[in-house]
Amino acid sequence: MKLKLFFSFLTLLINFAAFAKTPGRATILEGDGNNTLSGVVTDKATGMTIPGATVSIPDLRTGSVTDANGKYMITNLPKGIYLVQVSYIGYATFNQNVDLSKTSVLNVQLQTSAIETAEVVITGLSKATEIKRDPIPMAAVSKAYIDQHSASTNVIDEIANLPGISAVTTGPNVSKPFIHGLGYNRVVTLEDGIRQEGQQWGDEHGIEVDQNSIDRVEVVKGPASLSYGSDAIGGVVNLITPPPVAEGKILGSVTGDYGTNNNLINTSLRLQGNDSGFVWGTVLSYKMAKDYQNQHDGRVYGTGYREKDARIMLGVNKKWGYSYFNASLFDDEQEIPDGSRDSLTRKFTMQVTEADTYRPIVRENLLNSYDITPLHQHVQLYRIYNNSNITLGSGNLIINLGYEYSHRREYTHPEATDVAGLNLHLNDYTYDVKYNFDMGKGYETTFGVNGQYQTNSIGDATDFPIPAYHQFDAGPFFILKKSIGKLDLEGGLRYDSRSITGQAAYVDTTVQYFPALYTGPNPATTPNVTQQFAGFSKTFSGTTGSLGATYNFSNAFLVKANVARGFRAPNIAELSANGPDPGSQIYHVGNPDFKPEFNVQGDIGFFLTLPNLSASVELYDNNLQNYIFQEQILDANGNPERVNADGSSNPNGIYSRFTYVQTKARIDGGDFNVDIHPYHWLHFENTLSLTYGANLGNGGPVPDSLKYLPFIPPLHTHSELRGTFAKGFGSLRNVYVFVGFDHYDAQNRYFAAYGTETYTSGYNLVSGGFGGDITDDNGNAVVKIFIEGTNLGNKNYESNMSRLKYFDNTTVPPGVQPGIFNMGRNISLKLVIPFDASRKVKTNG
């Protein structure tokens, strides 16, 4: 019934096209295209020029900043029609498609507005598009948003407060993105459009990206298999690195960030240049933190970390297009918490022997140290990738190629600290080739194919949760867009195929606590050798697509609707896991008979933008087939089964045995936003996110303990009162100050079966921040200051999205709340010192 209503509404929108008119823009266009675009940016009301305005062409990754006279120039531009964006604080953002083959001068008049943003996105689209004109539900945050939320300790936490987005966490350095209740291998993470692959099925490590190297984040909130294939069934998070600086510039910055809770020290150096279209850049970062703390637990043992990052970019912007080569290194040492405590004092204890018969209390000097504990994980990710956009015929050939090597080790042996318990080597090759062109009569078309090839080896280790395997994906697709006045239509189809082959493996258990892979002859008859994995070969395939429309009733009101089908092949852990994962304290058991997941999601959104008010309502209905989830295995007494590393039962074992099952499921909800601007400098922002996840079963009745899905976020509201003062006060410019209030409802709709999840109480959190630029006599920033405080009330709380909620002894004293609580009060001080190393050029006049 809901689908019928949805399609009826879509038909109604299409019928409105007959009455559509194109809204006008206040611009001046003149001259013939000569591979440059120049002009002047002025205030529409006063006619005064606007220095420091940003002029960018997102599809070409190029742009400029207006000089003291409001003038700009962008060179080495290809011919074609591209979206040009002009923005400045306190003004409505200007967006317009410009034919660069006919235009060399574009003068822009900006209009003052309390609502400054008209966000443009590139993720999952053939060309850069305003969010409000694309039917697919999306969100985006800028560099300013990232800087002002400096208390976030990783790149995913920086966006986890956006409507519809959350994160499953394992302490402050480990966050997995969730979109409308779906995460892990159901959300594809990209860096500059290149897939990020790093054992996403695992709980205990985060996204292997340096947060200091990211200037923008774009999120697709719904099935994106049409553009990205398997695993994008829940959505996409695209982490975008800094764009090139303007022609002739060499710009850089030094950043320092300190967090009071875990004594985080985060430092970074950034340097970028552009010489006649030859662009380059580098980012070097170093982070370290002690164990985090809260009033309930004190310092939480095993949550410190140390991270080193480096990246370099070399590229060219020419009249034929652009090509950028990137190389990066992510090196993270993360301690492994397990939550064990002394039964009398409730102080944290640590494992010191392989037999693990006694655990001493952790000394205070270890809790308050930057030194990484002997039991920790070491995650390294090496990436090389290329983004190219080449003008070819009447369109653009876009090529994204990437290689990454992920090396993940977990050191879990207290008496042999140099021996890795887990040792995974993942090689991943990704390709994405597509051609965008205009078919005429307003039809914008994209044909392409993308996929990946993976190999994984399990190395010298003692724990083997997954087998060695190789995998190949391929997915051809096409996307068609057309605008008819106020109506924007978009749709496409895709076919995916994934082949995965797992290798058989045997384990020699002769040496107690140190099993090893057996590679000798006759494994079936060799003493102390058991089969860990059986070989297998599977192929999964599916057809996906998307169809949507946006109708702009006026510049103030629009409606968007979209229906999309997603596809996800089961991952290697779901198919064949049979072993412990020390970092997650789970002994995984897979199922090789699984079918691929499919979903159909319908979205509808209503958006209102007035001079002093903006509001939106976005609703979604997501129906999933063959939804895969984990559930605990019970022992003979009906209790969660605890096992040793070799899988043998032990009531005091450190691992819980989990298996995977499939079911039908449904996730419904909505994202709501009201932003009030009583004055141009004052913003009162309010959002609400609601997500309901239900297990529909496979035909029979579903027991109460099974009727909800795991890791579904509770109702969440966020209110923020913000003042922004672009002109500032004297030498202090771009001043902002805000206070925020977050409410999380109690989560009583949880996956209760077998004790997998438990009830989570509701809680309220208060945050705040302020900052600005200290400028010189010419108005140039000398120091940028960003201060943010989170959980200012020092609230003791547990989030249902925190895995540490379930880290504790198998039994706890009566009246004691089990688990590890979230971080207490944290105040972050971030300083950015920009510098200009450009050659000074003398000008006349």
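Residues numbered from 1 in each chain as written. Predicted model: local features only at pLDDT ≥ 70, side-chain atom pairs only at ≥ 80, totals over all residues. Heavy atoms only, no water.

Trainee: So what about the overall build of the chain? Which residues, and what values?
Mentor: What the chain contains, in helices and strands, is five helices and 48 strands. The globule rule puts the C-alpha radius of gyration for 845 residues at 28 Å, and the 27 Å found for the chain is close to it. Along the three orthogonal principal directions, the C-alpha set of the chain runs to about 85 × 55 × 50 Å. In the chain, the proportion of contacts linking residues at least 24 apart, taken out of those at least 6 apart, comes to 68%. As presented, the chain carries roughly 33900 Å² of accessible surface, and 58% of it is formed by carbon and sulfur atoms. Side chains of the chain give 66 positive and 82 negative charges; the mean places of these two sets differ by 7 Å. (Helix = DSSP H or I, 4+ residues; strand = E, 2+ residues; numbered from the N terminus. Rg over C-alpha atoms; globule rule 2.2 N^0.38 Å. Contact = heavy atoms within 4.5 Å. Areas by Shrake-Rupley, 256 points an atom, 1.4 Å probe, with all protein chains shown as cover. Lys, Arg positive; Asp, Glu negative; His and termini not counted. Charge placed at Lys NZ, Arg CZ, Asp CG, Glu CD.)

Trainee: Please set out empty space enclosed by the protein residue by residue, giving values where relevant.
Mentor: Inspection of the entire model under this criterion finds 16 cavities of 30 Å³ or more. Roughly 170 Å³ of volume is contained in the second largest cavity. Of the residues contributing to the lining of the second largest cavity, the split by class is seven nonpolar, eight polar and five charged. (1 Å grid on protein atoms, 1.4 Å probe; cavity = no way out; pocket = protein on both sides within 12 Å on 5 of 7 lines; lining within 4 Å. Points joined across faces, edges and corners; volume = space filled by probe spheres on them. Nonpolar A, V, L, I, M, F, W, Y, C, P; charged D, E, K, R; others polar.)

Trainee: Can you break down the sheet that holds strand 6 (residues 81-87) residue by residue, with the values?
Mentor: Overall, antiparallel pairing links the four strands, which are arranged 4-3-6-7 in an open sheet. Since the sheet does not close on itself, it has two edges, and those belong to strand 4 (62-65) and strand 7 (94-99), each with one partner. For this sheet the average axis-to-axis angle between neighbouring strands, irrespective of direction, equals 20 degrees. Bridge count between strand 3 (residues 54-57) and strand 6: three bridges; the pairing is antiparallel. In the strand pairing of strand 6, Ser56 is matched with Gln85. (Pairing = 2+ DSSP bridges. Axes fitted to C-alpha atoms, helices over the stretch in contact; angles between N-to-C directions.)

Trainee: If you had to explain the sheet that holds strand 13 (residues 175-179) to someone new, which residues and values would you point to?
Mentor: Spatially, three strands are ordered 12-13-14 in an open sheet, and the strand pairing comes out antiparallel. In the strand order of this sheet, the two ends are held by strand 12 (165-169) and strand 14 (182-183), each with one partner. As judged from the five bridges shared by strand 12 and strand 13, these two strands associate in the antiparallel manner. Bridge assignment links Ile165 to a residue of strand 13, and that residue is Ile179.

Trainee: Would you mind going over unusual backbone geometry in detail, with residue names and values included?
Mentor: We note that Arg61 has phi near 50 degrees; this positive angle belongs to a residue other than glycine. Along the polypeptide, Arg61 turns up in the loop between strand 3 and strand 4. Backbone geometry at Asn794 places phi at a positive 55 degrees, although glycine is not the residue there. With respect to the secondary-structure elements, Asn794 resides in the loop between strand 47 (781-790) and strand 48 (826-836).

Trainee: Please provide a residue-by-residue account of the environment of Arg568, values included.
Mentor: Looking at the secondary structure, you find Arg568 in strand 36 (residues 557-568). Relative accessible area serves as the criterion here: at 0%, Arg568 is assigned to the buried category. Setting aside chain neighbours within four positions, we find Arg568 in contact with Asn185, Arg186, Ser230, Asp231, Ile233, Glu574, Pro596, Glu597 and Ile628. (Buried < 20%, exposed > 50% of the residue type's maximum accessible area, 1.4 Å probe, protein only.)

Trainee: Pulling in residues and values, what's your account of the pattern of salt bridges?
Mentor: When charged atoms on two side chains of opposite charge get close, those side chains can pair. Applying the stated rule across the entire model yields 35 salt bridges. Ionic pairing is found between Glu333 and Arg306, a salt bridge with its closest N-O pair at 3.3 Å. Remark: Arg306 occurs in strand 24 (residues 305-318) and Glu333 occurs in strand 25 (residues 321-335); sequence separation between them is 27 residues. Exposure remark for Glu333: the relative accessible area of 16% places this residue in the buried category. Looking at Arg306, the relative accessible area reads 23%, which means it is partly exposed. In this structure, Asp496 engages Arg494 in a salt bridge whose closest nitrogen and oxygen atoms are separated by 2.7 Å. (Salt bridge = Lys/Arg side-chain N within 4 Å of Asp/Glu carboxyl O.)

Trainee: Which residues make up the side chain of Arg186, and what are the values?
Mentor: On the secondary structure map, Arg186 appears in the loop between strand 14 and strand 15 (187-191). Looking at Arg186, the relative accessible area reads 8%, which means it is buried. A polar contact is formed between the side chain of Arg186 and the backbone oxygen of Ile628, at a distance of 2.4 Å. Apart from the residues lying within four places of it in its own chain, the contact partners of Arg186 are Asp231, Ala232, Ile233, Gly234, Gly235, Arg568, Glu597, Tyr627 and Ile628. (Polar contact = N/O pair within 3.5 Å; in protein donor to acceptor, adjacent residues only side chain to side chain.)

Trainee: How would you sum up the pairing of strand 39 (residues 597-610)? Please name residues and give values.
Mentor: The sheet contact formed by strand 36 and strand 39 spans twelve bridges and is antiparallel. By the bridge assignment for strand 39, Leu558 is matched with Phe607. Bridging between strand 39 and strand 40 (residues 613-632) involves 13 bridges; their strand directions are antiparallel. Following the sheet pairing, Phe607 is matched in strand 40 by Ser616. Hairpin remark: strand 39 followed by strand 40, antiparallel, with two residues in the connecting loop.

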